[in-house]
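# Descriptive analysis of the structure
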Amino acid sequence: MGNELQVMGLNIAICDDEEIIREQIKELTEKEKSGLCMELYETGDALLASGKQFDIVFLDIQMEGTDGIETAKRLRQRDEDTILIFITGIREYVFEAFDVAAFHYLLKPIEEEKFREVFHRAERELEKRKSKRRETVFIKTRNRSFSLEKDSILYIESRGKKVEIHTTGETIEAYASMNEMEGQLGGGFFRCHRGYLVNMAYVAEYDSGSITLNNGGYVYLAKEKYGEFVKAYMRYLRNGVGADG
């Protein structure tokens, strides 16, 4: 594989404590797409220690040391756009995987047809996420008016006639209503409470009363919104959108 192809291709990590599974996924991936840069890891600790960012990570759930769920949480903190695909021999673990915004899962033994379907969906989702990064929303504050990238917004909080926009780098007080912000931001955001609008890309976990974000913050989730939120979030995980899929 030449350097030129590696630069142009996807960066993929395969992390599983079984060598036969690592090699199988590598082989299946190379069958579907050329020009890939792939790295194989035996443990979650080795993957995390590499410090590298990947477009797609195939991640075993049950491993010695740091398990797949905890590894995924730490990867999420580095890059919320990484596509996580879990590998497991036990179907019940899949529900834990959704708590860390896993894109999909593969059950052992891995079927080639299922792998092909999941891999190509992951490619499309990655492209969608990259294009979404460029989407902006227009913000007006007391001193300035400017465009803000949607993917930098963690959540929005109502403050009377204004809103507080909590981003990955700062908190911005803007002149807008929650309804206006909800309309501008669209499907990747969910009105989880009359006073809160959350970016589903940053959801780490949730319960019936609150949503925890992957930076450690949290927002309120109205009890009457819980069912609707779960459905919207599952749609988001499948399709990368909140309202369209």
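Residues take numbers from 1 onward in each chain, read along the sequence in its written order. Local features in a predicted model are, by the rule used here, given only for residues with pLDDT of at least 70; side-chain atom pairs are given and counted only at 80 or more, and totals for whole chains, interfaces and linings are based on all residues. With hydrogens and water excluded, all non-hydrogen atoms of the structure serve as input to the side-chain values.

## Notes on the overall build of the protein
Rule in force here: Labels follow the DSSP assignment, with helices taken as runs of H or I lasting at least four residues and strands as runs of E lasting at least two, numbered in each case from the N terminus. Accessible area is worked out with a 1.4 Å probe on protein chains only. A residue is then buried under 20% of its type maximum, exposed over 50%, and partly exposed in between. Whether two residues are in contact is decided by their heavy atoms: any pair within 4.5 Å suffices. Methods summary: accessible areas were calculated by the Shrake-Rupley approach with a probe of 1.4 Å, and residue burial reflects only the protein chains presented.
Secondary structure summary: the protein contains 8 helices and 15 strands in total. The buried share of the protein, taken over its 245 residues, is 49%. Summarising the internal contacts of the protein: among those between residues at least 6 apart in sequence, 53% fall at separations of at least 24. For the protein, the computed accessible surface area is about 12,400 Å², with 45% contributed by carbon and sulfur atoms.

## Re the sheet that holds strand β3 (residues 56-60)
Inclusion rule: Two strands make a pair as long as DSSP finds a minimum of two bridges between them. The angle between two axes is taken between their N-to-C directions and runs from 0 to 180 degrees, where each axis is a line fitted to C-alpha atoms and a helix contributes only its stretch in contact.
Strand order in the open sheet formed by 5 strands is β2-β1-β3-β4-β5, and the pairing between neighbours is parallel. Looking at strand neighbours, the two that pair on one side only are β2 (37-41) and β5 (104-107), the edges of this open sheet. Strand-to-strand, the axes of this sheet are offset by a mean angle of 15°, without reference to chain direction. Note: strand β1 (residues 11-15) against β2, 5 bridges, orientation parallel. Across the sheet, the residue bridging to N11 is C37, located in β2. In this fold helix α2 (residues 19-32) packs onto β1, β2, β3 and β4 (83-88), with an angle of close to 170° to the strand it touches most, β2. Here helix α4 (residues 68-78) sits on the sheet and contacts β3 and β4; the angle it forms with β4, its principal contact strand, is near 175°.

## Some words on the nonpolar core
Quick reminder of the rule: Only buried residues count toward a nonpolar core, which is a set of Ala, Val, Leu, Ile, Met, Phe, Trp, Tyr and Cys residues joined through side-chain atoms within 4.5 Å.
I12, I25, I56, F58, I85, I110 and F115 are the most contacted members of the largest nonpolar core, which has 21 residues in total. Every element with two or more residues in this core is listed here: β1, α2, β3, β4 and α6 (112-132). Among the elements that line this core, the one with the most residues is α6, at 5 residues. Within the second largest apolar cluster, 19 residues are counted, among which are Y202, L213, V219 and Y236.

## Overview of the sheet that holds strand β11 (residues 189-193)
With antiparallel pairing, the 5 strands of this open sheet are ordered in space as β10-β9-β8-β12-β11. Because the sheet does not close on itself, it has two edges, and the strands there are β10 (171-174) and β11. Direction aside, the axes of adjacent strands within the sheet are offset by 20° on average. Across 3 bridges, the pairing between β11 and strand β12 (residues 196-199) is antiparallel. Of the residues in β12, the one forming a bridge with F190 is V198. The strands that helix α7 (residues 178-185) touches are β8 (153-159), β9 (162-167), β11 and β12; relative to β8, the one it contacts most, it runs at about 155°.

## Some thoughts on α2
The test is simple: To estimate how far a helix should extend, the number of its residues minus one is multiplied by 1.5 Å. When we speak of the arc, we mean the arc of directions from the helix axis to the C-beta atoms.
The end-to-end C-alpha distance of α2 is 20 Å, a good match for the 20 Å that 14 residues give at a rise of 1.5 Å each. Of all the positions in α2, only I21, R22, I25, L28, T29 and E32 are classed as buried. Here the buried residues of α2 occupy an arc of 135° about the axis, which is enough to place them on one side. Across from the buried face of α2, at angles greater than 90 degrees, the exposed residues are E19, I20, E27 and K31.

## Points about empty space enclosed by the protein
Keep this limit in mind: Whether a set of points on the 1 Å grid over the protein atoms alone is a cavity depends on a 1.4 Å probe fitting there but being unable to get out, while an open set qualifies as a pocket with protein on both sides within 12 Å along at least five of seven lines; lining residues are those with an atom within 4 Å of a point. Grid points are joined across faces, edges and corners, and a volume is the space filled by probe spheres set on the points. Think of it as three bins: nonpolar holds Ala, Val, Leu, Ile, Met, Phe, Trp, Tyr, Cys and Pro, charged holds Asp, Glu, Lys and Arg, and polar takes everything else, Gly as well.
Using the criterion set out here, one finds 2 cavities of 30 Å³ or more in the structure. Of the voids in this model, the largest cavity is the one considered here, and its volume is about 40 Å³. Considering the residues around the largest cavity, the lining is formed by K52, Q53, F54, V57, L75, R78, D79 and T82. Its residues assigned to classes, the lining of the largest cavity comprises 3 nonpolar, 2 polar and 3 charged.

## Side note on the packing of aromatic side chains
Threshold: Here a Phe, Tyr or Trp ring, Trp counted by its six-membered ring, pairs with any other such ring whose centre lies within 6.5 Å, and the pair is stacked when the planes are under 30 degrees apart, edge-to-face when over 60, and tilted otherwise.
Under the definition given, this model contains 12 aromatic pairs. Their ring planes at 5° and their centres at 6.0 Å tell us that F115 and F119 sit as a pair that is stacked. With F115 and F119 both in helix α6 and 4 residues apart, the pair spans about one turn of that helix. Comparing F115 with F119 shows no difference in burial state: the two are buried.

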